[in-house]
Amino acid sequence: MPPSIPPSRPTPREASNLSGPRDRPAASTSRPEGRSRGTRRLRDAIAPILALVSLAAAFHFSGLAPWVADSVPEAEVLDPALERAVERAIRAAERDGVELRVTSGLRSASEQDELWRAALDEHGSTVEASRWVLPPELSAHVQGLAVDVGPHEGAAWLGEHGARWGLCQVFANEPWHFERLTSKNGTCPALLPDASVLLDEDAR
Ligand SMILES: [Zn+2]
């Protein structure tokens, strides 16, 4: 008789995680059972302390306040449609003899948080800072949905021709920042004066 083999189970995987260069190992959910009531009681007693310690470690490593870390929809890669659009635009710019390159694309929430804190230091208020940098939970860069381009001439060229690939300048004061925002008829929305309009009323 052949040995019985347990049926193999496919590993569940999120559809959005296909590229997976940053796959995280599955966290172990099982814990060894304590051997006696004494160790169990001890474990129950220190559990809240352990939870606090691991929470503190998580803040330490992410560098983010917990409410920020929880609310940021952080992307693993630049949106593939945005990447394709930008690649096409770069080739077309080249044919026009214009240099166009991406100066900043996907950012992690902690990178964005650093930029945000630096902007707060520099500009002194939430509203002034957000005219130039958004906090992680509002930044399209953290969601993989925005690119900054340069040099100046290339950004101006993209502002003029980008809608062909769905690429739109978003903020009047940031001629380098582009997102895929064209409507079905291929036009870009009206420019916003600056990014501070995206701030919640109560964050002002
Ligand atoms: Zn940007």
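Preceding this section is the structure that the text describes.
One structure accompanies this document, and this report is about it.

What counts, and at which threshold
- Residues numbered from 1 in each chain as written.
- Predicted model: local features only at pLDDT ≥ 70, side-chain atom pairs only at ≥ 80, totals over all residues.
- Helix = DSSP H or I, 4+ residues; strand = E, 2+ residues; numbered from the N terminus.
- Contact = placed C-beta atoms within 7 Å.
- Core = buried A, V, L, I, M, F, W, Y, C linked by C-beta atoms within 7 Å.
- Buried ≥ 20, exposed ≤ 12 C-beta atoms within 10 Å, placed from the backbone.
- Pairing = 2+ DSSP bridges.

A separate point is the overall build of the protein chain. Scanning the protein chain from N- to C-terminus turns up six helices and four strands. Beginning at the N terminus, the succession of helices and strands in the protein chain can be written as α-α-α-β-α-α-β-α-β-β. A separation threshold of at least 6 residues defines the contact pool for the protein chain, and within that pool the share at least 24 residues apart is 64%.

Take the nonpolar core next. Ala89, Val149, Leu158, Leu167 and Phe178 are the most contacted members of the largest nonpolar core, which has 17 residues in total. Elements supplying a minimum of two residues to this core: helix 3 (80-95), strand 2 (147-150), helix 6 (152-161) and strand 3 (167-169). In terms of residue count, helix 3 provides more of this core than any other element does, five residues in total. Those residues in contact with Ala89 that sit more than four places away from it in its chain are Leu100, Leu158, Gly162, Trp165 and Leu167. If you look at the next biggest cluster of nonpolar residues, it comprises seven residues, including Leu115, Trp116, Ala129 and Ala195.

Turning next to the pairing of strand 4 (residues 177-180). For a regular strand, side-chain orientation follows a simple rule: the groups alternate between the two sheet faces. Here two bridges tie strand 2 to strand 4, and the two strands are oriented antiparallel to one another. Bridge assignment links Asp148 to a residue of strand 4, and that residue is His177. Bridge count for strand 3 against strand 4 is three bridges, and the pairing is antiparallel. Within strand 4, the position partnered with Leu167 by the bridge is Arg180.

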